[in-house]
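Chain by chain, the residues run as shown.
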Amino acid sequence: MKTIKDWAGQEIIYDFRYETLHEDTDEKEYTCYLKPNGPNDEWWPAGSGKTKEIALKEAIKYWNWFDTDGRG
């Protein structure tokens, strides 16, 4: 189980899928999925990119925003 730490030091489970991003194209990218509330949580698509590193970076950025400012 791969984890990253968010802005508050909480460990977040993540994984990747190589998938088509849009119905109208065959272009594929890596999508990083998160389980922010532990192993029993649903997978959240959180970031995508041409490489796993880019997808993970985008997922971390998205989650840190969502978990602070994004909840309003």
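Reference entry: report on the structure contained in this document.

Calculation criteria
Residues numbered from 1 in each chain as written. Predicted model: local features only at pLDDT ≥ 70, side-chain atom pairs only at ≥ 80, totals over all residues. Heavy atoms only, no water. Salt bridge = Lys/Arg side-chain N within 4 Å of Asp/Glu carboxyl O. Helix = DSSP H or I, 4+ residues; strand = E, 2+ residues; numbered from the N terminus. Buried < 20%, exposed > 50% of the residue type's maximum accessible area, 1.4 Å probe, protein only. Pairing = 2+ DSSP bridges. Axes fitted to C-alpha atoms, helices over the stretch in contact; angles between N-to-C directions. Polar contact = N/O pair within 3.5 Å; in protein donor to acceptor, adjacent residues only side chain to side chain. Contact = heavy atoms within 4.5 Å.

Should their charged atoms come close, side chains of opposite charge can pair. Counted by the stated rule, this structure contains four salt bridges. Residues Lys 50 and Glu 27 are paired through a salt bridge, measuring 2.6 Å at the closest nitrogen-oxygen approach. Highlighted residues: Lys 50 in the loop between β4 (44–49) and α1 (52–70) and Glu 27 in the loop between β2 (11–20) and β3 (28–35), separated in sequence by 23 residues. Since its relative accessible area comes to 39%, Glu 27 is described here as partly exposed. Where Lys 61 meets Glu 58, a salt bridge forms, and the shortest distance between an N and an O atom there is 3.6 Å.

Pairing within the open sheet is antiparallel, and its four strands lie in the order β1-β2-β3-β4. The two strands at the open ends of the sheet, each matched to only one other strand, are β1 (2–5) and β4. Sheet twist, expressed as the average angle between the axes of neighbouring strands with direction ignored, equals 40°. One ladder, built from eight bridges, connects β2 with β3; its direction is antiparallel. Within β3, the residue paired with Thr 20 across the bridge is Lys 28.

As a further point, take the side chain of Asp 6. With respect to the helices and strands, the residue Asp 6 is situated in the loop between β1 and β2. Of the residues examined, Asp 6 reaches a relative accessible area of 7% and is grouped as buried. In terms of polar contacts, Asp 6 uses its side chain to reach the backbone amide nitrogen of Gln 10, at 2.9 Å. Residues contacting Asp 6, with those up to four places away along its chain left out, are Ile 12, Trp 63, Asn 64 and Asp 67.

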